[in-house]
Amino acid sequence: MTELRELAKKLLAEGAAKVVIGWEEGPRGVRPAFATDAAAADRLVFDARCAHDLAPYLDRRRVHVAKLGRPAVVVKPCDARAVAGLIRETQVKREDVVLVGVRCGGVLADPEAGGTLSADTIADRCRTCDSRETALADHVVGTPVEPLAAPSRRDARVAELDAMTPAQRWAFWQGELARCTRCNACRQVCPLCYCDRCMADKTQPQWIESSPHGRGNLSWHLLRAIHLAGRCVDCGECERACPSGIPLGLITRKVASVVADRFGHKPGDDPAVPSPIGTWRSDDPQEFIL
Amino acid sequence: MMNATTISSSDLSGLAADLLAARVRVAGPARASDGTVEYRHAGAPAELVLDSGVPRRSLKEFFLPPTEPLFAWRTGAGGRVELLEAPLPADPAVVIGARPCDAAGIEALDKVMGWDYRDEPWFARREATTIVSLACAGFDRSCMCTSVGLAPDTTKGSDLLLVPIGGGAFRAEVVTAKGARLVAAYPARFRPASGEAEAEAFRKAAREKVAASAPPAADPLRPWLDAHFDHPLWREASLRCHGCGACAAVCPTCHCFDIVDEPETVGTGVRRRNWDTCQTPRFTIHASGHNPKNDQPARIRQRVLHKIVIYPKKFGEMLCTGCGRCSRACPGGMDLPEVLARIAALAGGAQ
């Protein structure tokens, strides 16, 4: 913690960054913080409660954040993959942001409840994450951590869904998606959902019905799944943000496994590696194209 | 109307069974597939889990559903367009175990729903629904009903208020004629009033618990808010906001809606109204491309001012019931009690 705070203060004092975006203690556990001076930098924290992906704050549409000036962002390995995605897709220039990598052993499934990280309390997405620190960083802080051996309940659930008949799977998702009110939280917190005008907001023609009925919700969540195929960095923010508790991680995880299987691709923290959706190769599998 | 009666837990369950047998829809806190408690229609009394925390979303969706058809259209012979009104929802329903803050939100919304235009679907559901609330013991540090003129045992919006008196029983206070009718319709489920002292002790303890962590009263902040429209507070408070609208989705009083026309087949379609939120850029964008609320600070200010200044000025009551859901739901860690405490500190310093 001291290392992170000292680095933040140094970056601010030397003018390398005008704001250090990290985490601080808030009224309900930790939350995103925007440190612009030494006092605020001294309040920065990093521990297993820091589930929030801070990469969305690099979105150019967040003008009030951009106005603070050149940012330094504290990134876990998954957050660094998100920043890599933004650089890869020309949303952020590498030289415009200072990246402070934190060594990460995973975050808590329930960050607000706090407690220590264990095979029981670790978030599902962290059970299948093999990255403890990122190479996409100007500075790396924290002590090296060993991964926790914990079976992925999410993968088990995906396998259960795969084993269902299409009718059972349909019934499952109709039930889950019926809770969606289309508040857009999943989209807004997603670091890779940066479109200036989301297809779901277009009205002429209206590709995606905005009503939160079965048809509209299915269209929306399918659209989001496809647009994030091979791009989703598994930061878990969509599922964490959903005020209706929809298990969106099951969708992103399944799509990621299809992309890994068909294209041999897993989004990483090297912006130079193209994503399948952003490139074309003559040997791309295409047997699924009808 | 403030007579009281007593009901035991088993009779409350029995009341739910009686209602279901009489084909009255029963709703209340129940577990969703992920185990989280939300307000749901119950198929059996055992599904209701009373006093198991604050349900995920508020009660408003039973009166203003996330999506609702207003009418359908059909293009008939000669291109004549026929409109088919959606039937008014009039199924009798009883909500059992509503949080008082949620019931209060419904009554606050009656004002805007019946102002220049009487919202027929809203009032059809209001008239068909009896709300039995359960006095709250105070839930967590995001609770702030006492800061907005309410209390964990407020009767506002409730037809009947249940207050725990120990031993699994409740003192049931009759608040409205509708509540009295419910008691009169199922006399076998109710006993003579008792436990007044126990009920009073519960209410007092709950009020003290909430008041201990709640921010200062919001009412006196109005003059300061009026005078500081462009205060840097809004810019600072909104830095972490994602503009996601989760706060509005879970809010018992956020009621803005969008109206959309959705074609179903060639020549037919449905006009629907759907929940909307002032937290997205799309909410206020004009056809010209101009957007009067062009950044998140302006949108956060809008949400707070609408609740604490604008609605009270127009309708004489606060558009926040202090349920704390916005703080619990915010993925960015925004916290309304914290914002209000900050405003109170600024307002105190300015005087």
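Calculation criteria
- Residues numbered from 1 in each chain as written.
- Chains lettered and ligands numbered in written order.
- Predicted model: local features only at pLDDT ≥ 70, side-chain atom pairs only at ≥ 80, totals over all residues.
- Helix = DSSP H or I, 4+ residues; strand = E, 2+ residues; numbered from the N terminus.
- Rg over C-alpha atoms; globule rule 2.2 N^0.38 Å.
- Buried ≥ 20, exposed ≤ 12 C-beta atoms within 10 Å, placed from the backbone.
- Domains from an automatic or database assignment.
- Contact = placed C-beta atoms within 7 Å.
- Nonpolar A, V, L, I, M, F, W, Y, C, P; charged D, E, K, R; others polar.
- Core = buried A, V, L, I, M, F, W, Y, C linked by C-beta atoms within 7 Å.
- Axes fitted to C-alpha atoms, helices over the stretch in contact; angles between N-to-C directions.
- Parallel < 35°, antiparallel > 145°, perpendicular 65-115°, else oblique.
- Expected span 1.5 Å × (residues − 1).

### Some thoughts on the overall build of chain A
Moving on, step 1. Of the regular secondary structure elements, chain A holds 11 helices and six strands.
Moving on, step 2. Against the globule reference of 19 Å for 290 residues, chain A gives a C-alpha radius of gyration of 19 Å, in line with a compact fold.
Moving on, step 3. Judged by the C-alpha coordinates and their principal axes, chain A covers about 60 × 45 × 40 Å.
Moving on, step 4. Across the 290 residues of chain A, 45% fall into the buried class.

### Here we look at the domain arrangement of chain B
One widely used convention gives an interface's size as the accessible area the parts lose upon coming together.
All names here are of chain B.
Moving on, step 1. Annotation of chain B at the domain level lists domain 1 (4–210) and domain 2 (220–346).
Moving on, step 2. Contacts between the two partners involve 36 residues from domain 1, matched on the other side by 29 residues from domain 2.
Moving on, step 3. Elements with a minimum of two residues in the side of domain 1 that touches domain 2: β4 (67–75) and α2 (100–113).
Moving on, step 4. In terms of residue count, the dominant contributor to the side of domain 1 that touches domain 2 is β4 (nine residues).

### Looking at the interface of chain A and chain B
Moving on, step 1. Chain A puts 32 residues into the contact, and the matching count from chain B is 42 residues.
Moving on, step 2. For the side of chain A that touches chain B, the secondary structure elements donating two or more residues are β2 (29–35), α3 (63–66), α7 (166–177), α8 (185–188) and α10 (237–241) of chain A.
Moving on, step 3. In the side of chain A that touches chain B, the residues fall into 12 nonpolar, 11 polar and nine charged.

### Focus: the environment of A:C193
Residue and element names in this part refer to chain A.
Moving on, step 1. Its place among the elements puts C193 in the loop between α8 and α9 (214–227).
Moving on, step 2. We classify C193 as buried; it has 20 C-beta atoms within 10 Å.
Moving on, step 3. For the pair formed by C193 and H227, sequence separation is 34 residues and the distance between their alpha carbons is 8.7 Å.

### Quick word on the nonpolar core
Moving on, step 1. In this structure, A:V20, A:V73, A:V75, A:V83, A:V100 and B:A246 are the most contacted members of the largest nonpolar core, which totals 161 residues.
Moving on, step 2. In terms of residues, this core owes the most to one element, helix α4 (residues 77–88) of chain A, which gives seven residues.
Moving on, step 3. For A:V83, the contacting residues outside a window of four places in its chain are A:A55, A:L58, A:V73, A:V75, A:V92, A:L99 and A:L136.

### Quick notes on the packing of helix α6 (residues 153–163) of chain A against helix α11 (residues 248–263) of chain A
All names here are of chain A.
Moving on, step 1. Viewed as axis vectors pointing N to C, α6 and α11 meet at an angle of 80°, and their least axial separation amounts to 10 Å. If you check the angle between α6 and α11, you find them roughly perpendicular. Contacts from R154, R157, V158 and L161 of α6 reach α11 at G249, L250, R253 and K254.
Moving on, step 2. Class assignment of the residues belonging to the contact of α6 with α11 gives a composition of three nonpolar, one polar and four charged.

### With respect to α2(B)
All names here are of chain B.
Moving on, step 1. Over its 14 residues, α2 extends 20 Å from the first C-alpha to the last, a length consistent with the 20 Å expected when each residue adds 1.5 Å.
Moving on, step 2. Every buried residue of α2 is listed here: P100, C101, D102, A103, A104, G105, I106, A108 and L109.
Moving on, step 3. Turning to α2, the residues buried within the fold contact β6 (93–98), β7 (129–134) and β8 (160–166).

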